[in-house]
2 protein chains.
Amino acid sequence: MNKQEIISQINAKKSYLCTGLDTQIEKLPVSLSRDGKGLLNFNKEIIQATSAYSVAYKVNTAFYEQYGREGWEWMEETLSYLPDNTLKIADAKRGDIGNTSSMYAKAFFETLPFDAITVSPYMGEDSIRPFLEFENKWVICLALTSNAGHADFQISEYEGKKLYEKVIETVCKWGTEEQLMFVVGATRAEKVKEIRELIPNHFLLVPGVGAQGGSLEDITNAAANKDIGLLINASRSILYASSEEDFAEAAAAEAKKMAIEMATFIK
Amino acid sequence: MNKQEIISQINAKKSYLCTGLDTQIEKLPVSLSRDGKGLLNFNKEIIQATSAYSVAYKVNTAFYEQYGREGWEWMEETLSYLPDNTLKIADAKRGDIGNTSSMYAKAFFETLPFDAITVSPYMGEDSIRPFLEFENKWVICLALTSNAGHADFQISEYEGKKLYEKVIETVCKWGTEEQLMFVVGATRAEKVKEIRELIPNHFLLVPGVGAQGGSLEDITNAAANKDIGLLINASRSILYASSEEDFAEAAAAEAKKMAIEMATFIK
């Protein structure tokens, strides 16, 4: 899915919502079985209920890996439920020496049919470049994250810049805005304006709206560009909008509510 | 496996070798089938051949994930071949917001019976702390890596220090030397002496000897402490010592050669 196709989807759906499929068996509605079958039924219904409002889906690999090889099976099955016109993001935060990153790229871009993967920049160029070698795939690099721990390393001074600014500037040299996005937490709206000045055209993947406390309005005002240029993720607030039998309707309502707010920002 | 048990194994085997199980189907000896069965037979024979010389085994998750859910099955099966008296390291380089890192910890410490996991520090404290909450498990944090990309972010000035020094100092505050190790590449021997001064007692996991060009002697001279305090990893040089039917004997010979050199440094 190339950049123009993402922009077309945003304009067609009047939404830049990414729904995060952070599914946990323990949190499934009581109407579903607490096992893989229940998890898959849940994901299928959530996807059907939200696909009119979601231009992207983000599968957080940790939630599936906690169940081991079965979890990987469920991740694969879940991917098959996703509509073709949505961007399929593996939120995997991988990164290793070059020959190893090549295998992660193969895992998520070939063995599993993801369109995009999140990567961690700590190991530098050869840890990220193998992902960039895949045509029509996206690499989404961690920059300024939504969690408290962002303050430990990302925002301190590094060669006269903040580390996350240095990461953005450096990683931008390795790929184009047609293949690179950055993760910027919605809880950092005050910094996002500056990031947008650094990279006016790149898409940003923005977690942290909803359960983590970030504001959709603040982040959009700070960082929307002419194409919107944002994929705002919500996971828990949509998935667990209701713990009853009406979970899918409740998820649809929550996604719709966000899309309606988003539509006000789309020209 | 606690620190004293690792030290006891080093003294018993007169070796601080970690064998990396970076197995690829394409590289299997011609005598084995090029499928999961062949891969598992290979791993089993390699483990049997090297266990007299290896105090630890490192499973690089990328090599298994490239095969999807089957790869996870093979990783699980491979773990069952590892002797109880060896440290089982998941070289996974994970790290995410707190609730997500908890699930990675569950994946590798509960669902799979690893003793240790490598983590990336970029997302800070809450991305690492969940792994530290497991008793008798090890967190091995990336510090100064063996690849060319280490130069992009790790060694530049950060608050008057190198970023990797800042990472070591900061992460050390979150756990004890009984539960924390650091990854330091064997290709960085000139820096390792300073790292050892920063953390005199921590174990270091050292990749990069062999195929990547690091020297066992240099790294040992630079960084061995009273307990040795090193786990030196070799993967390709052992696994693919021969591509013929004698691969296991060749792997044993290569591991033995390293162990004999290591024994000269063990008091």
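Computed from a predicted model, the values in this text were never measured in an experiment.

Analysis parameters
- Residues numbered from 1 in each chain as written.
- Chains lettered and ligands numbered in written order.
- Predicted model: local features only at pLDDT ≥ 70, side-chain atom pairs only at ≥ 80, totals over all residues.
- Heavy atoms only, no water.
- Least-squares fit on C-alpha atoms with pLDDT ≥ 70 in both.
- Contact = heavy atoms within 4.5 Å.
- Buried < 20%, exposed > 50% of the residue type's maximum accessible area, 1.4 Å probe, protein only.
- Helix = DSSP H or I, 4+ residues; strand = E, 2+ residues; numbered from the N terminus.
- Pairing = 2+ DSSP bridges.
- Axes fitted to C-alpha atoms, helices over the stretch in contact; angles between N-to-C directions.

Could you give an account of the relation of the copies chain B and chain A, naming the residues involved and the relevant values?
Overlaying chain B with chain A gives an RMSD of 0.0 Å, the required rotation being 180 degrees about an axis along which the chain moves by 0.0 Å. Expressed as an axis order, the relation between the two copies is that of a two-fold axis. Comparing contact sets, 100% of the residues at the interface of chain B also lie at the interface in chain A, consistent with an isologous, same-surface contact.

Kindly report on the pairing of strand 3 (residues 87–94) of chain A, identifying the contributing residues and their values.
Residues and elements named next belong to chain A. Summarising burial for strand 3: 8 of the 8 residues are buried, a large majority. Residues Leu 87, Ile 89, Asp 91 and Lys 93 line one face of strand 3 and the alternating positions Lys 88, Ala 90, Ala 92 and Arg 94 line the opposite face, and both faces are buried. The pairing of strand 2 (residues 54–60) with strand 3 spans 5 bridges and is classified as parallel. For Asn 60, the partnering residue across the bridge sits in strand 3 and is Asp 91. Alignment of strand 3 against strand 4 (residues 116–119), held across 3 bridges, turns out to be parallel.

How would you explain the pairing of strand 8 (residues 180–184) of chain B if you had to name every residue and give the values?
Residue and element names in this part refer to chain B. A large share of strand 8 lies buried, amounting to 5 of its 5 residues. Side chains Leu 180, Phe 182 and Val 184 project from strand 8 onto one buried face, and the interleaved Met 181 and Val 183 project onto a second face that is buried too. Both strand 5 (residues 138–144) and strand 8 contribute to a ladder of 5 bridges, which runs parallel. Directly across from Val 139, in strand 8, lies its bridge partner Leu 180. Sheet analysis places strand 8 next to strand 9 (residues 203–206), joined by 3 bridges and oriented parallel. Within strand 9, the position partnered with Val 183 by the bridge is Leu 205.

Requested: an account of the sheet that holds strand 8 (residues 180–184) of chain A, with residues and values cited.
Residues and elements named next belong to chain A. Spatially, the 8 strands close up into a barrel ordered 1-2-3-4-5-8-9-10, and their pairing is parallel. When strand polarity is set aside, the average angle formed by the axes of neighbouring strands in this sheet is 30 degrees. Together, strand 5 (138–144) and strand 8 form the strand contacts of helix 8 (residues 163–172), whose direction differs from that of strand 5 by roughly 160 degrees. Set on the sheet, helix 10 (residues 216–223) makes contact with strand 9 (203–206) and strand 10 (230–234); between it and strand 10 the angle comes to about 165 degrees.

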